[in-house]
Each structure stands twice: as C-alpha cells, then as structure tokens.
Amino acid sequence: KLMRYIPTCLKSDLISEMTTPFIQKTFFIKDCAADVVAQVVHSLDLEIYLPGDCLFREGERCDVLYFVYKGSIDLFTAQNVKFKTVSNCSLGESSFFMFEPHICTAKTVDACEIFQLSMDVFLRILHDYQLAKEFKEYLSVNHPTLQEAKASMEKTIQNLSSSKMVRFMDADDGVVKVSKGVVLPDSKFRVAWDVSAFFGLLYLIMSIPMAISFARTSVHLGSILVDLMVDIFFIADIYYRLRKFAIVKDGLLISFPKNFGRIYRRDEFGLDIVSAFPASFVAYATGAPGQLYGIFRLFQFLRAVRFGKYLEGLVEIVNTRTRFVVTTATLRVCQIFMIILFLCHWFSCIFHFIGSQEESYDTWIIADGMQEESMGRRYLRS
C-alpha cells in the first residue's frame, strides 16, 4: 500500500534497487538495453503472500514470472512430495520464456514479498520496443540453457514421482519399505475415504442442530441408522489414521505406522476420540427422547473445528485429480461462504429452539401461526 503513495521516479528507483540482483540473471532481460530493463522494472508488481499460499500448481499455464525478494518457497511434485526449498531467486523462468506449463507446485513457507512480471506486460514491452523478432532469435540460440535447467528439475520430479521412490521415502530414514497394508496418500481408496469424511462432517454440522431444535417425541429409525453409520465411519477413521494412513509431513512421506501414528496421537487424536463417542447408539439404547438424542450427539459436533482441514484436503483432491484448479483466493472465498452458511443454519436452529421452549402464548411460532406447519416450513421461517 505504501508503494502507491511514492512518486513514480522514486518508486522506480526503489524497485530497481530491490530487483537488480534478479534482473541481472534473468533470461533475455539481462541482455536488453537499459530503457527496456527500466520499463520491465517499472512494470513489476509487488505482492504479499501469507504462509501456505499457493503461487502456482503443476500443469497450470505459466503466465507470471516470480522474483522472490523475501521469504521461502517450497516446491512440490504432483504427488505433493517436497523436493526443494528456495528463496531470494526467480521462479518459473524456464516455463515463462518457453511458454510452457509449470512443471511443479510452489507454496509459500512463510510470509513472502514477491515481485511479479505478467506475461501480458512482457509481451506488450516486446511489442512497444519492437523486440519480438530479437526475442525469437535470442530464444532459438539460448534455448538449450532454459531446456537444461528445466530438464534437471524434471528429472528430480520424475524420480520422486515414481512409484519406487514414493514407496521408499520416509521422514526419518530416507529409504524404507512401506509396511504391508499401509495406504498411501494418493491412492484411490484414500481419496474416496477423505471425500467421504468431508461429507460426513457436513452431515454432522447440519444434522445435530436440527436434531436438537426440531426434535420429535421419538427418533425415526432411518435417522438412527444413518447416524450409526456416520459414527462407525469416524471410529474407523481413527483406527486408519493410527495404523493404516501414511501422511505427508513437511513435504516428506511418512509411511511407518509407528511414525505417522505417533504424529496423529500428538496432533489430532484427543479431539477425534472425544468426538467419536457413539452418541446415537447410546441414546437409542437408553430410549432417549428426540431432543435429548440430539444433545447426546453434541460430542460429535466438536469435529467441526476440523472443517478447514477437510476442505483443504478436498480442494487438493480436486486440483490433483481433475482438470479444475482451485486457487488460494477461491479457497478462502469458499471457506467464508461455508462459514456464513453454517452460521445462518445454526442461528435459525437456535432461534427456533428458543421459540419452541418458551412457555408463553406469544412466541414467534404462535404469532406467525407456524405451530402446525411442517418442520421444513418452520425451518425456512426461522
């Protein structure tokens, strides 16, 4: 924001001073005339990225050249295996000047200040200074330089992405054999399981407030069976994460049950074991009425704090398994939208619960003549 209020000449001098080490090493630009370099520097945009932001993903069109001024960037293969951490350098140079897609995924490690040169701006500079022909000749002569740098990285990615390397990498020992029965993060079963866990969590977030606020005198058997299936699923989820599900930690695959089980017990086990309390079975066995049945299930509502993690996992699956790309900005918008949706749902349930519990004859339910209406109409009204 401060850059907007700096005079143009001072801003150019400041950016030039900050980006000179990058420009002097950048393909083609380093050999251009001073006025062209000055125009490139003047056209750079400074962007601030938060930790965990994704700059680009493998396979995306490379339409931005990044100059990392401050901060560190982790580079990942398509299987989400980290193979390099970089800082104070340019990113995407080979793909940018060869007009090819990105060959890896880049995510910020910490808060980063990054100067960016867009493809549109670069092409406009070539047109304005009549350098298109010169750039083509320069590219044809120096193409092996770019290709060599790209080939080196592609070889590393190919080695790390091969089934042999993925199955033998481990955070502690470097080369280990995957234990029998361990499920790797990119397997089809794991993807299906994680998607099911996300929708199971959505069901808990939506159904528990409904069960408390719109309770009937007795609970329908179908609802009990669905709730029981969800309970069993999340109990099984704890076992799988303790003994079967390999994880990627800090970009490295951890495949020993003892190791990933220890990490799970340290980070997530406590909350999961409490939220996995089989409330539906206990409530049904004790003959609890409808409202008490919903209150019993509040233990499972604790799992809602994991929503962000489940959503990020679903986005990662979409990005790696489909042709769609969900950017960091889109993910944040989705998170905000889902939070607003959940809050509206919860407050409507709370509003209906308060109206149904009041003993007076002037509650909003009676005043609006909703006491004989169906649950759906009362829900929409509240």
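Here's a quick rundown of the structure. (Residues numbered from 1 in each chain as written. Predicted model: local features only at pLDDT ≥ 70, side-chain atom pairs only at ≥ 80, totals over all residues. Heavy atoms only, no water.)

1. Quick word on the pattern of salt bridges
- As enumerated under the stated definition, the model contains 13 salt bridges in all.
- We note a salt bridge from Asp194 to Arg190, for which the minimum N-O separation is 3.5 Å. Here Asp194 and its partner Arg190 are both found in helix α7 (residues 188–213), four residues apart, which amounts to about one turn of the helix.
- We classify Asp194 as partly exposed; its relative accessible area is 22%. (Salt bridge = Lys/Arg side-chain N within 4 Å of Asp/Glu carboxyl O. Helix = DSSP H or I, 4+ residues; strand = E, 2+ residues; numbered from the N terminus. Buried < 20%, exposed > 50% of the residue type's maximum accessible area, 1.4 Å probe, protein only.)

2. Describing the packing of aromatic side chains
- On inspection of all chains with the given rule, the structure shows 31 aromatic pairs.
- Residues Phe122 and Phe135 carry aromatic rings whose centres are separated by 5.5 Å and whose planes lie at 75° to one another, so their mutual orientation is edge-to-face. In this pair, Phe122 is assigned in helix α4 (residues 119–128) and Phe135 in helix α5 (residues 132–161), connecting sequence segments 13 residues apart.
- For Phe122, a relative accessible area of 2% translates into the label buried.
- Classification of Phe135 as buried rests on a relative accessible area of 4%. (Phe/Tyr/Trp six-rings, centres within 6.5 Å; stacked < 30°, edge-to-face > 60°.)

3. Observations concerning the sheet that holds strand β5 (residues 82–87)
- Pairing is antiparallel across the open sheet formed by four strands, whose spatial order is β2-β7-β4-β5. The two strands at the open ends of the sheet, each matched to only one other strand, are β2 (54–56) and β5. In this sheet, neighbouring strand axes are inclined to one another by 30° on average, regardless of whether the strands run parallel or antiparallel.
- Judged from the five bridges that link them, strand β4 (residues 72–76) and β5 form a sheet pairing that is antiparallel. Note that in β5 the partner of Ser72 across the bridge is Ser87. (Pairing = 2+ DSSP bridges. Axes fitted to C-alpha atoms, helices over the stretch in contact; angles between N-to-C directions.)

4. A closer look at α7
- Over its 26 residues, α7 runs 38 Å from end to end, which matches the ideal 38 Å to within 8%, given 1.5 Å per residue.
- The axis of α7 is deflected most strongly, by about 25°, at Ser207, and proline Pro209 appears within four residues downstream. (Expected span 1.5 Å × (residues − 1). Bend = angle between axes of the 7 residues up to and from the residue.)

As far as function goes, none of this settles anything; it's purely spatial.
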